[in-house]
Protein chains: 2
Amino acid sequence: MADKIKVALVGIGKIAVDQHVPSIAASSDWTLAATVSRSGTVDGVPAYTDIHTMLADRPEIKVVSLCLPPVPRFAYAAACLRAGRHVMLEKPPGATLAEVYALKALARDAGQTLFATWHSRMAKGVQAAKAALAGKTIESGHIDWKENVRQWHPYQDWVFEPGGLGVLDPGVNALSILTEILPTPIHLESATLHTPANRQTPVQADVKFLNGITASFDWLKEGSQIWEQRFSTTDGTTVELLEGGNRCIVDGDEQPLTELGEYPALYALMSLLVRSRTSDVDLSPMVHVSDIMTLAHRKTAPAFEWSS
Amino acid sequence: MADKIKVALVGIGKIAVDQHVPSIAASSDWTLAATVSRSGTVDGVPAYTDIHTMLADRPEIKVVSLCLPPVPRFAYAAACLRAGRHVMLEKPPGATLAEVYALKALARDAGQTLFATWHSRMAKGVQAAKAALAGKTIESGHIDWKENVRQWHPYQDWVFEPGGLGVLDPGVNALSILTEILPTPIHLESATLHTPANRQTPVQADVKFLNGITASFDWLKEGSQIWEQRFSTTDGTTVELLEGGNRCIVDGDEQPLTELGEYPALYALMSLLVRSRTSDVDLSPMVHVSDIMTLAHRKTAPAFEWSS
């Protein structure tokens, strides 16, 4: 068996603890060799509070996985690439498109791997949906992506700060699946954003793309949470992608699923990218979010407080 | 002398009449062979009201120049490319980034030229500023781009509709110069947008990029109009680009200027692109605008009316 790859995890918050740490622990490819965080640590793993100290102290750690919010992420990613490390980015890969183009160029010039991850693309039914739509013409499609921000991001005020994207933070997950499975590229026709009077980012978005594809994003959904996409094609095929992409039904029949969960699949792909020294940076989900933020009609929604 | 290239001009509004028509008339490369517009015409030039009719009736017209507002532009551009025509796009090249990536792919697949123009890049002092900054490190820079929307876009309500970009419509001119002359790419750090209570797009923007570069965009400036960019480099060079890029001063000395005006220079470049069947689609100015629209802190400004 090949040596395990040592990875440092930066930003020990909810997503790191819930997803990255167990995925690394369960993998035969990876070992968690350090953490960098001002607040969180992982039992038994050397903990740093400063990225530059970690990079200087631990030259044997060749891969850094960044789980910080998007705004501070660029400086960390650039520092790691300049220090000769491969970098894995949580979604969205940055606060701006321009910075991710810059990181892509930096990785290319340094000969390092950059992986801009989209975890929802790894959901177990996505490849079945992609195969079912391949070569076909979409007649219509609809995304319902409706969850409760109070349940999934409790008291994380940054999601409502500029750059936090609001409901387009889960929305970009839906768009990362959409851009993976559609047979041809699409672009935005119109959108409406509803932003709470006391916040900077939207809690609800209605989006219309070309080709009859629409999306309803809602971050105030109580009760059952809905992450579903449905498509029909001009030759009469229907494709339903349910449970955040983890269940796929084509013409009424349940489809076989891929094996690994989302984050284990991301780390499996990252190990392949590192070993082959290639990058994977597809910005199309983020381009659609930027287009929505640029083109949308904006409406004011009632003020949002964490305790309703 | 080579035959003149026949061009159809689509969207006969202010920018077409003020800039495109005289630039084509003054050029030995071009002849205006048709117009397409629901409202405007040009004396002595066959006028169509429908793009598809013109494309079908006039197979000898190989180039179409689109002066429509950004939102309807995609459908026209795609129709022209699919009909085997070369296409020249006014700035910004579309309402969304995704659609311009799609047009770029369409032009490439069709073997046609697509030119996403940025007229301000052709201002007469821009190349002198670029040469003065080449190979240097920017220490600081500031853009003042302050004009009166009532003077330049009188009663053009579309500039305040979603997709019209507001003050970032002239702002993208400044950014098209900035991205042309800077020696290294930059990205947005923060921005504040001021949007009138009764409108959808901003009238004022304060923008901060990395590398100490800032910009003040104002669309309510009365009296003298200001389009200026100033830079200092770590080796002590100062570069001033004044009058919308048409005057360049380096370390206090006036610099020699390029010869052609902005639109004549665009048509001169388009004739080269068409003859060599190459495209020129640089989206970086539009990427910065999208980043500003995505990342900005938004504030409400007083209501805007055309008659103040």
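Since this is a predicted model, take the numbers as computed values, not measurements.

Criteria and cut-off values
Every residue gets a number counted from 1 within its own chain, in the order that chain's sequence is written. Chains carry letters and ligands carry numbers; both start at the beginning, A for chains and 1 for ligands, and go up in the order they are written. Per-residue local features are limited, in this predicted model, to residues with pLDDT of at least 70; the limit for side-chain atom pairs, both in listing and counting, is 80 or more; totals at the level of whole chains, interfaces and linings are taken over all residues. Excluding hydrogens and water, the side-chain values take into account all heavy atoms of the structure. Only DSSP runs of H or I covering at least 4 residues are called helices, and only runs of E covering at least 2 are called strands; the numbering of each starts at the N terminus. In what follows, a contact means two residues having at least one pair of non-hydrogen atoms within 4.5 Å. Positive charge is attributed to Lys and Arg, negative charge to Asp and Glu, and no charge count is given to His or to the chain ends. Where a charge lies is defined by one atom per residue type: Lys uses NZ, Arg uses CZ, Asp uses CG and Glu uses CD. Buried, partly exposed and exposed residues are distinguished by accessible area as a fraction of the type maximum, computed with a 1.4 Å probe on protein chains only: under 20%, between the cut-offs, and over 50%, respectively. DSSP bridges decide pairing: two strands pair if at least two such bridges lie between them. For the handedness criterion, the strands are oriented away from the viewer, and a crossover whose path from the first strand over the helix to the second runs clockwise is classed as right-handed. Geometry is summarised by axes, namely lines fitted to C-alpha atoms with helices restricted to the contacting stretch, and by angles between N-to-C directions that run from 0 to 180 degrees. Oblique is the label for any angle not covered by the other classes, which are roughly parallel (under 35 degrees), roughly antiparallel (over 145) and roughly perpendicular (65 to 115). Here the term charged refers only to Asp, Glu, Lys and Arg, the term nonpolar to Ala, Val, Leu, Ile, Met, Phe, Trp, Tyr, Cys and Pro, and the term polar to all other amino acids, Gly among them. Buried area is understood as the total, over both parts, of accessible area removed when two parts are fitted together, assessed with a 1.4 Å probe. Take a side-chain nitrogen of Lys or Arg and a carboxyl oxygen of Asp or Glu: if they are within 4 Å of each other, that pair is a salt bridge. Side-chain atoms alone can form a polar contact between residues adjacent in sequence; in general such a contact is a pair of N or O atoms within 3.5 Å, and within protein one must be able to donate a hydrogen while the other accepts it. For this text, the term disulfide refers to a pair of cysteine sulfurs within 2.5 Å. One less than the residue count of a helix, multiplied by 1.5 Å, gives the span that helix is expected to have. Given a residue, its bend is the angle between the two axes fitted to the seven residues that end at it and to the seven that start from it. Segmentation into domains, and thus their bounds, comes from an automatic or database assignment.

**Some thoughts on the overall build of chain A**
Then comes step 1: Of regular secondary structure, chain A possesses nine helices and 15 strands.
Then comes step 2: Dimensions of chain A along its principal axes, counting C-alpha atoms only, are 55 × 45 × 35 Å.
Then comes step 3: For chain A, contacts bridging at least 24 residues in sequence account for 72% of all contacts bridging at least 6.
Then comes step 4: With 27 positive and 34 negative side-chain charges, chain A shows a separation of 5 Å between the mean positions of the two kinds.

**Re the pairing of strand β5 (residues 86–89) of chain B**
Residue and element names in this part refer to chain B.
Then comes step 1: Burial along β5 is two-sided: the face carrying His 86 and Met 88 and the face carrying Val 87 and Leu 89 are both buried.
Then comes step 2: As defined by bridge partners, strand β4 (residues 63–66) adjoins β5 across four bridges and the pair is classed as parallel. In the sheet register, Val 64 faces β5, and the bridge partner there is Val 87.
Then comes step 3: This β-α-β element, β4 to helix α3 (residues 70–82) to β5, shows right-handed connectivity.
Then comes step 4: With helix α4 (residues 97–110) bridging β5 and the parallel strand β6 (residues 114–116), this β-α-β connection has right-handed handedness.

**Details of the packing of helix α5 (residues 126–133) of chain B against helix α7 (residues 168–181) of chain B**
All names here are of chain B.
Then comes step 1: Viewed as axis vectors pointing N to C, α5 and α7 meet at an angle of 40°, and their least axial separation amounts to 8 Å. Put simply, α5 runs oblique to α7. Contacts between α5 and α7 pair Val 126, Gln 127, Ala 129, Lys 130 and Leu 133 from the former with Ile 177, Glu 180 and Ile 181 from the latter.
Then comes step 2: Class assignment for the residues of the contact of α5 with α7 results in five nonpolar, one polar and two charged.

**Considerations on the interface of chain B and chain A**
Then comes step 1: Taken together, the contact between chain B and chain A spans 26 residues of the former and 26 residues of the latter.
Then comes step 2: A combined buried area of about 2300 Å² lies between chain B and chain A, and 62% of that area is made up of carbon and sulfur atoms.
Then comes step 3: At the junction of chain B and chain A, the tally comes to zero salt bridges.
Then comes step 4: Scanning the region where chain B abuts chain A turns up nine residue pairs in polar contact (both at pLDDT 80 or more).
Then comes step 5: Of all elements in the fold, only α3, α4, α9 (284–295) and β15 (297–301) of chain B reach the threshold of two or more residues within the side of chain B that touches chain A.
Then comes step 6: Top contributing element to the side of chain B that touches chain A by residue count: α9(B), with seven residues.

**Points about the state of the cysteines**
Disulfide: a covalent bond formed between the sulfur atoms of two cysteine residues.
Then comes step 1: Under the definition given, this model contains zero disulfides over all chains.
Then comes step 2: Between A:Cys80, a cysteine without a disulfide, and A:Cys67, which holds the nearest cysteine sulfur, the sulfur-to-sulfur distance is 12 Å.

**Some details on helix α1 (residues 14–26) of chain B**
All names here are of chain B.
Then comes step 1: Between its terminal C-alpha atoms α1 stretches 18 Å, which fits the 18 Å expected from 13 residues at 1.5 Å a residue.
Then comes step 2: For α1, the principal kink sits at His 20 and spans about 30°; a proline, Pro 22, occurs within the next four residues.
Then comes step 3: Ala 16, His 20, Val 21, Ser 23 and Ile 24 are the residues of α1 that are buried.
Then comes step 4: Close packing links the buried residues of α1 with β1 (5–10), β2 (30–36), β4 and α8 (262–276).

**Points about the domain arrangement of chain A**
Residue and element names in this part refer to chain A.
Then comes step 1: Each domain of chain A was delimited in the assignment, giving domain 1 (5–116) and domain 2 (121–259 + 289–301).
Then comes step 2: Computed over C-alpha atoms only, the centres of domain 1 and domain 2 are separated by 27 Å.
Then comes step 3: If you look at the interface, domain 1 gives seven residues, while domain 2 gives eleven residues.
Then comes step 4: Counting each side, the surface lost to burial between domain 1 and domain 2 is near 660 Å², with a carbon and sulfur contribution of 68%.
Then comes step 5: Sorting the residues of domain 1 by area buried against domain 2 places Lys 14, Lys 91 and Pro 92 first, and these three jointly supply 54% of that buried surface.
Then comes step 6: Here domain 1 and domain 2 share one salt bridge between them.
Then comes step 7: In this structure, Asp 169 engages Lys 91 in a salt bridge whose closest nitrogen and oxygen atoms are separated by 3.5 Å.
Then comes step 8: For the pair domain 1 and domain 2, the interface holds two residue pairs in polar contact (both at pLDDT 80 or more).
Then comes step 9: Within the side of domain 1 that touches domain 2, the residues separate by chemical class into five nonpolar, no polar and two charged.

**Section: the sheet that holds strand β4 (residues 63–66) of chain A**
Then comes step 1: The six strands lie next to each other as β3-β2-β1-β4-β5-β6 (chain A), forming an open sheet whose pairing is parallel. Where the open sheet ends on each side, the last strands, each with one partner, are β3 (47–48) and β6 (114–116) of chain A.

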